[in-house]
Amino acid sequence: MSYSWQPKPAMISRSGWNAASPSGCSGSNSKQYIIVHHSGDQNDALAIHFGTNEKGFMKRIQEIHMNSNRWCDIGYNFGIGVVGSILEGRNLNVLGAHAVGYNSNAIGICVHGNYDIRSFTLAQENSLVDLLAWLCYTYNISTANILGHRDVSSTACPGAGIYSKLSSIRSKVLQKLSPQSISVHVFNDDTGNFEVSNLALNSPMPYVLNSTLTVREFKGNSNSSVIWTHKRFIQAWNTLRSGWGRGIHVPIAFNRIWEGGHGYQDQHYAGVAIDCGQNLSNTEREQLRSLASSLGVFEYVEPASTAPTWVHIDKRLRPSACSAGYILVRNGSKNTCVFVLQDALNTLGYTGGGLDGAFGNGTETAVRNFQRAYNLTVDGIVGCQTWTMLTQLVRGMGKTPTTVNP
Ligand SMILES: [Zn+2]
Ligand SMILES: [Zn+2]
(Lines give C-alpha, C1' and ligand atoms only; values in the text may rest on other atoms or scores of the structure.)
(Ligands and ions follow the chains in the order given, each with its own letter.)
Protein backbone atom coordinates (compact mmCIF):
# COMPACT_ATOMS: atom_id res chain seq x y z
CA MET A 1 0.00 0.00 0.00
CA SER A 2 1.36 3.41 -0.83
CA TYR A 3 -0.26 5.56 1.79
CA SER A 4 0.43 9.23 2.07
CA TRP A 5 2.46 10.33 5.07
CA GLN A 6 0.57 10.74 8.35
CA PRO A 7 1.78 12.70 11.37
CA LYS A 8 2.05 11.07 14.76
CA PRO A 9 -0.87 12.58 16.67
CA ALA A 10 -0.18 14.38 19.94
CA MET A 11 -0.50 11.94 22.85
CA ILE A 12 -0.02 11.76 26.57
CA SER A 13 3.11 9.68 27.20
CA ARG A 14 3.28 6.96 29.83
CA SER A 15 5.13 9.26 32.18
CA GLY A 16 2.43 11.86 31.51
CA TRP A 17 -0.16 9.64 33.17
CA ASN A 18 2.30 8.35 35.74
CA ALA A 19 2.36 4.79 34.44
CA ALA A 20 4.01 2.06 36.50
CA SER A 21 6.96 0.40 34.73
CA PRO A 22 6.07 -2.81 32.90
CA SER A 23 7.11 -5.95 34.66
CA GLY A 24 8.13 -8.98 32.63
CA CYS A 25 6.49 -8.28 29.27
CA SER A 26 7.69 -10.59 26.51
CA GLY A 27 6.94 -11.93 23.04
CA SER A 28 6.28 -9.87 19.97
CA ASN A 29 3.44 -8.25 18.03
CA SER A 30 3.29 -8.35 14.23
CA LYS A 31 0.73 -5.48 14.13
CA GLN A 32 -1.44 -6.73 11.24
CA TYR A 33 -4.73 -5.72 12.86
CA ILE A 34 -6.01 -2.92 15.04
CA ILE A 35 -8.75 -3.79 17.51
CA VAL A 36 -10.95 -1.10 19.03
CA HIS A 37 -12.26 -1.63 22.57
CA HIS A 38 -14.10 0.32 25.21
CA SER A 39 -13.38 -0.05 28.91
CA GLY A 40 -17.09 -0.81 29.29
CA ASP A 41 -17.64 -1.49 32.97
CA GLN A 42 -21.24 -2.32 33.79
CA ASN A 43 -22.62 1.06 34.78
CA ASP A 44 -19.99 3.30 33.21
CA ALA A 45 -18.92 3.72 36.84
CA LEU A 46 -15.22 4.32 36.22
CA ALA A 47 -15.87 6.97 33.59
CA ILE A 48 -18.31 8.70 35.92
CA HIS A 49 -15.82 8.49 38.77
CA PHE A 50 -12.89 9.92 36.84
CA GLY A 51 -14.87 12.50 34.84
CA THR A 52 -12.42 14.46 32.70
CA ASN A 53 -9.41 13.04 34.56
CA GLU A 54 -8.27 10.90 31.63
CA LYS A 55 -4.82 10.27 33.11
CA GLY A 56 -6.32 8.97 36.35
CA PHE A 57 -8.64 6.70 34.37
CA MET A 58 -5.70 5.29 32.34
CA LYS A 59 -3.72 4.71 35.54
CA ARG A 60 -6.71 2.89 37.09
CA ILE A 61 -6.98 0.56 34.07
CA GLN A 62 -3.29 -0.24 34.43
CA GLU A 63 -3.72 -0.96 38.17
CA ILE A 64 -6.55 -3.39 37.44
CA HIS A 65 -4.53 -5.13 34.72
CA MET A 66 -1.31 -5.37 36.72
CA ASN A 67 -2.58 -5.86 40.27
CA SER A 68 -5.78 -7.89 39.77
CA ASN A 69 -5.14 -9.62 36.44
CA ARG A 70 -1.43 -10.00 37.16
CA TRP A 71 -0.49 -8.87 33.65
CA CYS A 72 2.94 -7.37 32.86
CA ASP A 73 1.46 -3.96 31.98
CA ILE A 74 -1.76 -2.29 30.89
CA GLY A 75 -3.25 -4.61 28.26
CA TYR A 76 -3.94 -1.96 25.58
CA ASN A 77 -1.41 -0.15 23.41
CA PHE A 78 -3.39 3.11 23.47
CA GLY A 79 -6.21 4.76 25.32
CA ILE A 80 -8.65 7.40 24.08
CA GLY A 81 -9.92 9.47 27.01
CA VAL A 82 -13.45 10.74 27.54
CA VAL A 83 -12.35 14.22 26.42
CA GLY A 84 -10.56 12.78 23.38
CA SER A 85 -6.90 12.70 24.45
CA ILE A 86 -4.76 9.87 23.14
CA LEU A 87 -2.79 8.10 25.87
CA GLU A 88 0.20 5.86 25.27
CA GLY A 89 -0.14 2.33 26.68
CA ARG A 90 1.76 -0.91 26.32
CA ASN A 91 4.90 -1.12 24.15
CA LEU A 92 3.84 -2.03 20.58
CA ASN A 93 6.65 -4.53 20.14
CA VAL A 94 5.68 -6.99 22.86
CA LEU A 95 2.74 -9.38 23.15
CA GLY A 96 -0.48 -7.50 23.94
CA ALA A 97 -3.29 -8.45 26.34
CA HIS A 98 -6.63 -7.30 24.93
CA ALA A 99 -8.16 -9.87 22.57
CA VAL A 100 -7.75 -13.62 22.75
CA GLY A 101 -6.17 -14.96 19.56
CA TYR A 102 -5.02 -11.50 18.47
CA ASN A 103 -2.51 -10.53 21.10
CA SER A 104 0.47 -11.39 18.91
CA ASN A 105 -0.80 -9.68 15.75
CA ALA A 106 -3.05 -6.78 16.76
CA ILE A 107 -2.69 -3.33 18.24
CA GLY A 108 -5.31 -2.66 20.96
CA ILE A 109 -6.95 0.73 21.45
CA CYS A 110 -9.28 1.26 24.39
CA VAL A 111 -11.79 4.11 24.48
CA HIS A 112 -12.47 5.01 28.12
CA GLY A 113 -16.10 4.51 29.19
CA ASN A 114 -19.06 2.31 28.33
CA TYR A 115 -20.40 3.06 24.85
CA ASP A 116 -23.53 1.02 25.27
CA ILE A 117 -24.42 3.80 27.73
CA ARG A 118 -22.54 7.00 26.89
CA SER A 119 -22.18 8.61 23.50
CA PHE A 120 -18.98 8.57 21.50
CA THR A 121 -18.10 12.23 20.89
CA LEU A 122 -16.75 13.80 17.72
CA ALA A 123 -13.56 14.81 19.58
CA GLN A 124 -12.99 11.17 20.53
CA GLU A 125 -13.75 10.01 17.00
CA ASN A 126 -11.35 12.56 15.50
CA SER A 127 -8.57 11.38 17.83
CA LEU A 128 -9.30 7.76 17.00
CA VAL A 129 -9.20 8.50 13.25
CA ASP A 130 -5.87 10.37 13.59
CA LEU A 131 -4.40 7.55 15.66
CA LEU A 132 -5.63 4.85 13.28
CA ALA A 133 -4.34 6.74 10.22
CA TRP A 134 -0.91 7.12 11.79
CA LEU A 135 -0.79 3.45 12.81
CA CYS A 136 -1.96 2.22 9.37
CA TYR A 137 0.64 4.42 7.70
CA THR A 138 3.48 3.48 10.06
CA TYR A 139 2.85 -0.28 10.05
CA ASN A 140 1.28 -0.55 6.57
CA ILE A 141 -1.98 -1.95 7.94
CA SER A 142 -5.02 -2.27 5.67
CA THR A 143 -8.01 -0.25 6.88
CA ALA A 144 -10.07 -3.45 6.41
CA ASN A 145 -8.08 -4.81 9.36
CA ILE A 146 -9.47 -2.21 11.75
CA LEU A 147 -11.88 -4.31 13.82
CA GLY A 148 -14.15 -3.99 16.81
CA HIS A 149 -13.47 -6.43 19.66
CA ARG A 150 -16.85 -8.08 18.97
CA ASP A 151 -15.66 -8.96 15.45
CA VAL A 152 -13.20 -11.46 16.91
CA SER A 153 -14.79 -12.52 20.19
CA SER A 154 -18.22 -12.90 21.74
CA THR A 155 -18.44 -9.62 23.61
CA ALA A 156 -20.42 -6.38 23.40
CA CYS A 157 -17.11 -4.46 23.27
CA PRO A 158 -16.59 -1.71 22.00
CA GLY A 159 -20.26 -0.86 22.67
CA ALA A 160 -22.94 0.06 20.14
CA GLY A 161 -21.98 3.75 20.18
CA ILE A 162 -18.54 3.01 18.78
CA TYR A 163 -19.24 -0.16 16.83
CA SER A 164 -21.96 1.48 14.74
CA LYS A 165 -19.45 4.11 13.60
CA LEU A 166 -16.58 1.78 12.75
CA SER A 167 -17.29 1.53 9.04
CA SER A 168 -17.46 5.29 8.62
CA ILE A 169 -14.29 5.56 10.73
CA ARG A 170 -12.56 3.12 8.36
CA SER A 171 -13.58 5.32 5.39
CA LYS A 172 -12.31 8.45 7.10
CA VAL A 173 -8.99 6.76 7.82
CA LEU A 174 -8.72 5.58 4.22
CA GLN A 175 -9.48 9.08 2.97
CA LYS A 176 -6.60 10.46 5.04
CA LEU A 177 -4.27 7.75 3.80
CA SER A 178 -5.14 8.01 0.12
CA PRO A 179 -3.16 10.70 -1.59
CA GLN A 180 -5.55 13.07 -3.33
CA SER A 181 -4.69 13.24 -7.00
CA ILE A 182 -5.87 15.68 -9.61
CA SER A 183 -6.30 14.88 -13.27
CA VAL A 184 -4.14 17.49 -15.02
CA HIS A 185 -4.68 18.10 -18.77
CA VAL A 186 -1.96 20.15 -20.42
CA PHE A 187 -2.35 21.16 -24.05
CA ASN A 188 1.08 20.78 -25.62
CA ASP A 189 1.09 23.67 -28.10
CA ASP A 190 4.09 22.13 -29.86
CA THR A 191 2.44 18.80 -30.67
CA GLY A 192 -1.21 19.93 -30.76
CA ASN A 193 -2.30 17.32 -28.23
CA PHE A 194 -3.42 17.19 -24.64
CA GLU A 195 -1.16 15.36 -22.19
CA VAL A 196 -2.96 13.92 -19.15
CA SER A 197 -1.43 13.00 -15.80
CA ASN A 198 -2.79 12.25 -12.35
CA LEU A 199 -0.77 14.28 -9.90
CA ALA A 200 -0.69 14.80 -6.15
CA LEU A 201 -1.54 18.28 -4.91
CA ASN A 202 2.05 18.97 -3.87
CA SER A 203 3.52 17.94 -7.25
CA PRO A 204 4.83 20.67 -9.49
CA MET A 205 2.67 21.44 -12.53
CA PRO A 206 3.91 19.75 -15.72
CA TYR A 207 6.62 21.81 -17.52
CA VAL A 208 7.16 24.05 -14.51
CA LEU A 209 10.82 24.72 -13.68
CA ASN A 210 12.21 24.25 -10.17
CA SER A 211 8.83 23.36 -8.61
CA THR A 212 7.81 27.04 -8.58
CA LEU A 213 4.11 26.26 -9.16
CA THR A 214 2.41 23.25 -7.60
CA VAL A 215 -0.82 21.56 -8.64
CA ARG A 216 -2.31 22.86 -5.37
CA GLU A 217 -1.37 26.44 -6.24
CA PHE A 218 -2.67 26.20 -9.79
CA LYS A 219 -5.90 24.62 -8.56
CA GLY A 220 -6.19 27.66 -6.30
CA ASN A 221 -9.59 27.90 -4.66
CA SER A 222 -11.25 25.49 -7.11
CA ASN A 223 -12.76 22.26 -5.83
CA SER A 224 -12.38 20.54 -9.18
CA SER A 225 -10.84 17.08 -9.54
CA VAL A 226 -9.79 18.01 -13.07
CA ILE A 227 -7.75 21.01 -14.21
CA TRP A 228 -6.49 22.15 -17.61
CA THR A 229 -3.92 24.55 -18.98
CA HIS A 230 -1.58 25.17 -21.90
CA LYS A 231 2.13 24.35 -21.97
CA ARG A 232 2.79 27.88 -23.27
CA PHE A 233 1.14 29.37 -20.23
CA ILE A 234 3.38 27.35 -17.92
CA GLN A 235 6.41 28.39 -19.96
CA ALA A 236 5.37 32.03 -19.62
CA TRP A 237 5.12 31.48 -15.87
CA ASN A 238 8.66 30.04 -15.86
CA THR A 239 9.95 33.17 -17.59
CA LEU A 240 8.17 35.50 -15.16
CA ARG A 241 9.22 33.53 -12.10
CA SER A 242 12.88 33.37 -13.06
CA GLY A 243 12.85 37.08 -13.98
CA TRP A 244 11.34 37.93 -10.59
CA GLY A 245 13.91 35.72 -8.88
CA ARG A 246 11.92 34.81 -5.79
CA GLY A 247 8.65 33.16 -4.78
CA ILE A 248 5.36 34.52 -6.08
CA HIS A 249 2.26 33.92 -3.95
CA VAL A 250 -0.45 32.26 -6.12
CA PRO A 251 -3.78 31.79 -4.31
CA ILE A 252 -6.06 32.02 -7.37
CA ALA A 253 -5.61 30.52 -10.81
CA PHE A 254 -7.90 27.80 -12.16
CA ASN A 255 -11.67 27.74 -11.77
CA ARG A 256 -14.51 25.91 -13.51
CA ILE A 257 -17.00 28.24 -15.19
CA TRP A 258 -19.85 26.97 -13.02
CA GLU A 259 -17.79 27.79 -9.92
CA GLY A 260 -17.72 31.43 -11.04
CA GLY A 261 -15.64 34.08 -9.30
CA HIS A 262 -14.49 35.77 -12.51
CA GLY A 263 -15.96 37.46 -15.61
CA TYR A 264 -18.18 35.73 -18.17
CA GLN A 265 -15.63 34.69 -20.80
CA ASP A 266 -12.79 34.65 -18.30
CA GLN A 267 -9.36 33.16 -18.95
CA HIS A 268 -9.27 31.59 -15.45
CA TYR A 269 -11.91 29.10 -16.65
CA ALA A 270 -9.69 28.33 -19.65
CA GLY A 271 -6.77 27.57 -17.29
CA VAL A 272 -4.47 30.25 -18.70
CA ALA A 273 -4.65 32.93 -16.00
CA ILE A 274 -3.16 33.49 -12.55
CA ASP A 275 -4.01 36.11 -9.91
CA CYS A 276 -0.87 36.48 -7.82
CA GLY A 277 1.09 38.83 -5.57
CA GLN A 278 -1.72 39.55 -3.09
CA ASN A 279 0.87 39.64 -0.28
CA LEU A 280 3.05 42.27 -1.97
CA SER A 281 3.02 46.03 -1.46
CA ASN A 282 1.45 48.24 -4.15
CA THR A 283 4.94 49.20 -5.30
CA GLU A 284 6.09 45.59 -5.57
CA ARG A 285 2.91 44.63 -7.43
CA GLU A 286 3.56 47.43 -9.91
CA GLN A 287 7.09 46.08 -10.37
CA LEU A 288 5.71 42.62 -11.02
CA ARG A 289 3.19 44.01 -13.56
CA SER A 290 5.90 45.90 -15.44
CA LEU A 291 8.15 42.87 -15.44
CA ALA A 292 5.34 40.67 -16.77
CA SER A 293 4.59 43.23 -19.52
CA SER A 294 8.21 43.84 -20.48
CA LEU A 295 8.98 40.13 -20.77
CA GLY A 296 6.33 39.97 -23.49
CA VAL A 297 5.36 36.37 -22.70
CA PHE A 298 1.76 37.06 -21.61
CA GLU A 299 -1.15 38.16 -23.75
CA TYR A 300 -2.62 40.36 -21.03
CA VAL A 301 -1.42 41.92 -17.77
CA GLU A 302 -4.30 43.63 -16.02
CA PRO A 303 -3.56 47.22 -14.92
CA ALA A 304 -3.71 48.30 -11.26
CA SER A 305 -6.72 50.50 -12.09
CA THR A 306 -8.96 47.42 -12.47
CA ALA A 307 -7.04 44.89 -10.32
CA PRO A 308 -5.37 46.92 -7.57
CA THR A 309 -4.71 44.22 -4.95
CA TRP A 310 -3.50 41.42 -7.18
CA VAL A 311 -1.59 40.86 -10.41
CA HIS A 312 -3.65 39.19 -13.13
CA ILE A 313 -1.59 37.67 -15.93
CA ASP A 314 -2.97 35.51 -18.71
CA LYS A 315 -2.02 33.91 -21.98
CA ARG A 316 -5.38 33.91 -23.74
CA LEU A 317 -5.82 32.46 -27.19
CA ARG A 318 -6.39 35.10 -29.89
CA PRO A 319 -8.34 36.37 -31.73
CA SER A 320 -11.34 36.62 -29.39
CA ALA A 321 -14.68 35.73 -30.96
CA CYS A 322 -16.23 38.79 -29.27
CA SER A 323 -14.30 41.96 -28.45
CA ALA A 324 -12.72 40.05 -25.56
CA GLY A 325 -12.98 36.50 -24.30
CA TYR A 326 -12.71 33.11 -25.93
CA ILE A 327 -11.74 32.24 -29.48
CA LEU A 328 -14.16 30.78 -31.99
CA VAL A 329 -14.14 26.98 -31.76
CA ARG A 330 -15.68 24.40 -34.09
CA ASN A 331 -15.45 20.73 -34.98
CA GLY A 332 -11.75 19.81 -34.98
CA SER A 333 -10.68 22.50 -32.49
CA LYS A 334 -8.50 21.32 -29.62
CA ASN A 335 -7.59 23.71 -26.79
CA THR A 336 -8.71 24.71 -23.31
CA CYS A 337 -11.53 26.94 -24.65
CA VAL A 338 -13.10 23.68 -25.85
CA PHE A 339 -12.83 22.44 -22.26
CA VAL A 340 -14.80 25.50 -21.10
CA LEU A 341 -17.36 24.89 -23.85
CA GLN A 342 -17.86 21.21 -22.96
CA ASP A 343 -17.96 22.01 -19.25
CA ALA A 344 -20.67 24.64 -19.82
CA LEU A 345 -22.74 22.43 -22.14
CA ASN A 346 -22.52 19.41 -19.82
CA THR A 347 -23.54 21.51 -16.82
CA LEU A 348 -26.58 22.85 -18.69
CA GLY A 349 -27.60 19.31 -19.67
CA TYR A 350 -26.31 19.31 -23.27
CA THR A 351 -24.15 16.27 -22.73
CA GLY A 352 -22.48 13.91 -25.16
CA GLY A 353 -19.34 15.87 -25.90
CA GLY A 354 -17.46 14.57 -22.87
CA LEU A 355 -14.80 16.68 -21.16
CA ASP A 356 -11.50 16.36 -23.00
CA GLY A 357 -10.82 19.65 -24.76
CA ALA A 358 -11.32 18.07 -28.21
CA PHE A 359 -14.28 19.35 -30.26
CA GLY A 360 -15.66 16.27 -32.01
CA ASN A 361 -19.05 15.20 -33.34
CA GLY A 362 -20.52 14.71 -29.86
CA THR A 363 -19.63 18.28 -28.92
CA GLU A 364 -20.99 19.58 -32.23
CA THR A 365 -24.35 17.86 -31.65
CA ALA A 366 -24.52 19.33 -28.15
CA VAL A 367 -23.73 22.81 -29.53
CA ARG A 368 -26.45 22.49 -32.19
CA ASN A 369 -29.00 21.36 -29.60
CA PHE A 370 -28.07 24.29 -27.40
CA GLN A 371 -28.28 26.76 -30.29
CA ARG A 372 -31.69 25.39 -31.30
CA ALA A 373 -33.02 25.68 -27.75
CA TYR A 374 -31.93 29.31 -27.45
CA ASN A 375 -32.95 30.48 -30.95
CA LEU A 376 -29.40 31.06 -32.11
CA THR A 377 -28.10 30.31 -35.61
CA VAL A 378 -27.83 26.52 -35.64
CA ASP A 379 -24.42 26.04 -37.26
CA GLY A 380 -22.53 24.00 -34.66
CA ILE A 381 -19.89 26.75 -34.51
CA VAL A 382 -19.19 28.56 -31.27
CA GLY A 383 -18.58 32.22 -32.00
CA CYS A 384 -19.47 35.42 -30.16
CA GLN A 385 -23.25 34.83 -30.06
CA THR A 386 -23.09 31.29 -28.69
CA TRP A 387 -20.26 32.05 -26.25
CA THR A 388 -22.19 35.03 -24.88
CA MET A 389 -25.42 33.10 -24.33
CA LEU A 390 -23.66 30.06 -22.91
CA THR A 391 -21.38 31.88 -20.49
CA GLN A 392 -24.17 34.14 -19.22
CA LEU A 393 -26.24 31.07 -18.38
CA VAL A 394 -23.61 28.91 -16.73
CA ARG A 395 -21.11 31.20 -15.01
CA GLY A 396 -21.31 30.66 -11.25
CA MET A 397 -24.45 28.49 -11.41
CA GLY A 398 -22.79 25.66 -9.47
CA LYS A 399 -22.34 22.08 -10.59
CA THR A 400 -25.41 20.14 -11.69
CA PRO A 401 -26.12 16.38 -11.93
CA THR A 402 -24.93 16.45 -15.56
CA THR A 403 -21.60 18.19 -14.85
CA VAL A 404 -18.78 15.84 -15.86
CA ASN A 405 -15.86 15.24 -13.41
CA PRO A 406 -16.72 17.89 -10.87
ZN1 LIG B 1 -12.68 -5.23 24.21
ZN1 LIG C 1 -7.63 37.19 -12.82
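Note that this is a predicted model, so its numbers are computed, not measured.

## As for the overall build of the protein
The helix and strand inventory of the protein stands at eleven helices and eleven strands. Expected size for 406 residues packed as a compact globule is a radius of gyration near 22 Å; at 29 Å, the protein overshoots this value by more than 25%. Viewed in the frame of its principal axes, the protein has a C-alpha envelope of about 85 × 50 × 35 Å. For the protein, the proportion of its 406 residues judged to be buried stands at 42%. Counting contacts in the protein only where the partners sit at least 6 residues apart, residues at least 24 apart contribute 67% of the total.

## Brief notes about the packing of helix H3 (residues 122-139) against helix H5 (residues 166-177)
Angle between the axes and distance between the axes are the two parameters that describe a pair of packed helices. Where H3 meets H5, the closest approach of the two axes is 9 Å, and the angle between their N-to-C directions is 55 degrees. Our classification of the angle between H3 and H5 gives oblique. For the pair H3 and H5, the crossing hand works out as right-handed. Note on element contacts: H5 touches H3 through Ile169, Lys172, Val173, Lys176 and Leu177, opposite Glu125, Leu128, Val129, Leu132, Ala133, Cys136 and Tyr137. A breakdown of the residues in the contact of H3 with H5 according to their chemical character gives nine nonpolar, no polar and three charged.

## Observations regarding the UniProt feature "domain: N-acetylmuramoyl-L-alanine amidase" (unreviewed entry) in the protein
The sites that carry the UniProt feature "domain: N-acetylmuramoyl-L-alanine amidase" (unreviewed entry) are, in the present numbering, residues 21-159. The span residues 21-159 is 28% helical and 15% strand by assignment, and the distance between its end C-alpha atoms comes to 30 Å.

## Some details on unusual backbone geometry
Residue Cys157 is joined to Pro158 through a cis peptide bond whose omega torsion reads 10 degrees. Going from Arg318 to Pro319, the amide bond is cis rather than trans, its omega being -5 degrees. With respect to the secondary-structure elements, Pro319 resides in the loop between strand S11 (311-314) and helix H9 (336-348). The backbone of Lys31 shows a phi angle near 55 degrees, a positive value even though the residue is not glycine.

## Side note on the domain arrangement of the protein
We note that the domain assignment places domain 1 (15-177) and domain 2 (181-254 + 273-314) within the protein. One C-alpha centre belongs to domain 1, the other to domain 2, and the line joining them spans 48 Å.

## Considerations on the nonpolar core
Ranked by internal contacts, the top residues of the largest apolar core, which has 59 residues, are Cys337, Val340, Leu341, Ala344 and Leu345. With eight residues, H9 is the largest single contributor of residues to this core. Residue contacts for Cys337: discarding those within four places in its chain leaves Ala270, Leu317, Tyr326, Ile327 and Val329. Grouped together as the second largest cluster of nonpolar side chains are 39 residues, Val82, Tyr102, Ala106 and Trp134 included.

Criteria and thresholds
- Residues numbered from 1 in each chain as written.
- Chains lettered and ligands numbered in written order.
- Predicted model: local features only at pLDDT ≥ 70, side-chain atom pairs only at ≥ 80, totals over all residues.
- Helix = DSSP H or I, 4+ residues; strand = E, 2+ residues; numbered from the N terminus.
- Rg over C-alpha atoms; globule rule 2.2 N^0.38 Å.
- Buried ≥ 20, exposed ≤ 12 C-beta atoms within 10 Å, placed from the backbone.
- Contact = placed C-beta atoms within 7 Å.
- Axes fitted to C-alpha atoms, helices over the stretch in contact; angles between N-to-C directions.
- Parallel < 35°, antiparallel > 145°, perpendicular 65-115°, else oblique.
- Left-handed = near helix turned anticlockwise from the far one by under 90°.
- Nonpolar A, V, L, I, M, F, W, Y, C, P; charged D, E, K, R; others polar.
- UniProt positions renumbered as here; feature names shortened; annotations may be inferred.
- Domains from an automatic or database assignment.
- Core = buried A, V, L, I, M, F, W, Y, C linked by C-beta atoms within 7 Å.

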